[in-house]
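Okay, here's what each chain looks like letter by letter:
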Amino acid sequence: MTEQTLDSATATTPSGFLRVIDLRGQHLSWNELRHAVPRQTASSVAEAEASVRSIIDNVRSNGAAAVREYAQKFDRVMQDRIKVDPAEIQKAVRELDPAVRKGLETAIERTRRFATAQRPADVEVEIAPGAVLNHRWTPVKRAGLYIPGGLAVYPSSVIMNVVPAQAAGVESVVLCTPPQKNFGGLPHPVILAAAGLLEVDEVWAIGGAQSLAAMAYGLTDGEDVLEPVNTVTGPGNIFVAMAKRQLRSMVGVDAEAGTTEIAIIADATADPRFVAADLISQAEHDPDAGSVLITDSAPLAHAVEAELATQVADAKHHERIGIALRGPQSGVVLTDNLDRAIEVADAYAAEHLEIHTENAREVAARVRNAGAIFIGSYSPVPLGDYAAGSNHVLPTGGTAVFNSGLQAASFMKAVQVIEYNQDALAELEDDIVALATSEDLPAHARAVTIRSETSGRKG
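How each quantity is defined
Residues numbered from 1 in each chain as written. Predicted model: local features only at pLDDT ≥ 70, side-chain atom pairs only at ≥ 80, totals over all residues. Heavy atoms only, no water. 1 Å grid on protein atoms, 1.4 Å probe; cavity = no way out; pocket = protein on both sides within 12 Å on 5 of 7 lines; lining within 4 Å. Points joined across faces, edges and corners; volume = space filled by probe spheres on them. Helix = DSSP H or I, 4+ residues; strand = E, 2+ residues; numbered from the N terminus. Nonpolar A, V, L, I, M, F, W, Y, C, P; charged D, E, K, R; others polar. Polar contact = N/O pair within 3.5 Å; in protein donor to acceptor, adjacent residues only side chain to side chain. Core = buried A, V, L, I, M, F, W, Y, C linked by side-chain atoms within 4.5 Å. Buried < 20%, exposed > 50% of the residue type's maximum accessible area, 1.4 Å probe, protein only. Contact = heavy atoms within 4.5 Å. Pairing = 2+ DSSP bridges. Axes fitted to C-alpha atoms, helices over the stretch in contact; angles between N-to-C directions. Phe/Tyr/Trp six-rings, centres within 6.5 Å; stacked < 30°, edge-to-face > 60°. UniProt positions renumbered as here; feature names shortened; annotations may be inferred.

**So, the layout of surface pockets**
- Here the second largest pocket is characterised by a volume of approximately 410 Å³.
- Forming the boundary of the second largest pocket are 23 residues, of which Q40, V45, I238, T396 and G397 lie nearest the centre.
- Residue assignment for the lining of the second largest pocket shows that the elements contributing at least two residues are helix 3 (42–62) and helix 10 (238–247).
- Broken down by element, the residue count for the lining of the second largest pocket peaks at 4 residues, all from helix 10.
- Of the residues contributing to the lining of the second largest pocket, the split by class is 8 nonpolar, 10 polar and 5 charged.

Structure representation (structure tokens):
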């Protein structure tokens, strides 16, 4: 593997935002590719694990006092009541800007249509006469939904979490989101308004890993009680992702949706303006965000670098964007051809994967690992962030190799239902007895034979 600057890979460029990993002429194994692609540093992950462990232990032991401590430390808020008065939610709905309300309602309608269609269907199979098996999906009773704050405000995440939970049939949802100093310790009013539009009236002003711990273990604050949940979901930074990992033994969790990332497979036909704009769009989220271009065209990579020089300079959050683009989690991966680019994308397993190539749909069909795939020049990631109808809570950090994005099934669990009649059980008796005997579990066999003896079928 060769790592260099884009200058040495192609020609001199004015900005030098993205480091280059040049894989041309190399034939790396799957494991080697997994280690070659850009990632957050291992040290940052280890530091987050230790910090989150301490936060979870503190919340479990000290409850509301710990939550107030972290609100003061991380959010610079001296909290009085942690739970949000439902009247504040309704006030936020009334005062919501009409244009924003229309955007939220459009997103709610499209997301609900897709989430409802995603709900898995029950399956019933008659294996043999009188032998019926059911695969029945049931929603969890209570779900805890985390909505991040920090460097940006995410009312869209309210939709992405609440709508699939409602589509699944969850009886009770609680929403946690950071308190905001600028709003007197309340969450951002647009987040409250989004909750109100979705008829969610239980909102707690708690941020970060501490909110997930509070939802998992429960919390009592005077007369306010946060009942423990069965499942926690929601996007967030690396600390939120680590909290999910550490709370798996307590509650169900969705994918470890940590700091955002985008990968773009592009060939020589791609428009460098679009590619640069899309890399920037995700870098805007966080200095630790990952933006990765995978291409077999060095001239395109050069053109994208030149576009970054112009577009980053004009961006409102140019400092944050520049840090993210220059970080170890971002870069350009140069490949020999499109086939190798697809292999690299599969190894990276991006949260968001855009395809800017000829025959983009065919290329997308060959990709195995991604949280969401955006096909063609007119399907940028922000489309999915807001109003496409898909969900933007997606697996990050390579976990798309085994995880899926948030959906109705994330709030459901499958129950297997077995119903055999007398004749159907009798047909299997000899097989069950033989297997139970081979495992030296005679009581298992007896639980079957006693039924045939009682019925007079054998004896």
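From this point on, the discussion continues.
**Concerning the side chain of S452**
- Position of S452 relative to the elements: it lies in helix 18 (residues 442–455).
- A distance of 3.1 Å separates a polar atom in the side chain of S452 from a polar atom in the side chain of E429.
- Among the polar contacts made by the side chain of S452, one reaches the main-chain carbonyl oxygen of T449 at a distance of 2.8 Å.

**Structural notes on the nonpolar core**
- Of all hydrophobic cores here, the largest spans 41 residues; its most connected members are V158, V170, L175, L198, V200, V203 and F411.
- Broken down by element, the residue count for this core peaks at 8 residues, all from helix 7 (residues 155–168).
- F411 has contacts with T138, P139, V140, A143, L145, N161, P164, A165, A168, V170, T233 and L406, leaving out every residue within four places of it along the chain.
- Residues V52, I56, Y70 and A209 belong to the second largest nonpolar core, which totals 33 residues.

**Concerning the sheet that holds strand 17 (residues 412–420)**
- As summarised here, the arrangement of the 3 strands in space is 3-4-17, forming an open sheet in which the pairing is antiparallel. Two strands close off the open sheet at either side, each with one partner strand: strand 3 (123–128) and strand 17. Strand-to-strand twist across the sheet, computed as the mean angle between neighbouring axes with direction ignored, equals 20°.
- As judged from the 5 bridges shared by strand 3 and strand 4 (residues 131–139), these two strands associate in the antiparallel manner.

**Considerations on the packing of aromatic side chains**
- For the structure shown, the criterion picks out 2 aromatic pairs.
- Consider the rings of F274 and Y378, whose centres lie 5.9 Å apart with planes at 70°: the pair is edge-to-face. Placement of the pair is F274 in helix 11 (residues 272–283) and Y378 in the loop between strand 16 (372–375) and helix 16 (381–386), with a sequence separation of 104 residues.
- Residue class for Y378 comes out exposed when judged on its relative accessible area of 69%.

**Observations concerning the UniProt feature "active site" (unreviewed entry) in the chain**
- Under the present numbering, the feature "active site" (unreviewed entry) in UniProt falls on E351 and H352.
- When you line up the elements, E351 lands in the loop between helix 14 (338–348) and strand 15 (352–356).
- Once you skip the residues sitting within four places of it in the chain, H352 turns out to touch T260, E261, I262, A263, Q282, A372, F374, V381, D385 and L394.

**A look at the UniProt feature "binding site: Zn(2+)" (unreviewed entry) in the chain**
- According to UniProt, the "binding site: Zn(2+)" (unreviewed entry) feature falls on Q282, H285, D385 and H444. Taken along the chain, the residues just named run across 163 residues; in space they spread out, the farthest C-alpha pair reaching 57.1 Å.
- You can see Q282 is positioned in helix 11.
- A relative accessible area of 0% means that Q282 is categorised as buried.
- In this structure the side chain of H285 is engaged in a polar contact, spanning 2.9 Å, whose partner is the side chain of Y154.

**A word on the sheet that holds strand 7 (residues 203–205)**
- What the 5 strands build is an open sheet, ordered 7-6-5-10-11; its pairing is parallel. Each edge of the sheet is formed by a strand with only one pairing partner; in this case those strands are strand 7 and strand 11 (252–253).
- Both strand 10 (residues 231–233) and strand 11 contribute to a ladder of 2 bridges, which runs parallel. Directly across from V232, in strand 11, lies its bridge partner V253.

**Structural notes on empty space enclosed by the protein**
- On inspection of all chains with the given rule, the structure shows 1 cavity of 30 Å³ or more.
- Approximately 40 Å³ is the volume attributed to the largest cavity.
- For the largest cavity, the full set of lining residues is T111, F114, A115, Q118, P164, G389, S390, N391, L406, Q407 and A408.
- By residue number, the principal contributor to the lining of the largest cavity is helix 6 (residues 98–118), which donates 4 residues.
- Taken together, the residues of the lining of the largest cavity sort by class into 5 nonpolar, 6 polar and no charged.

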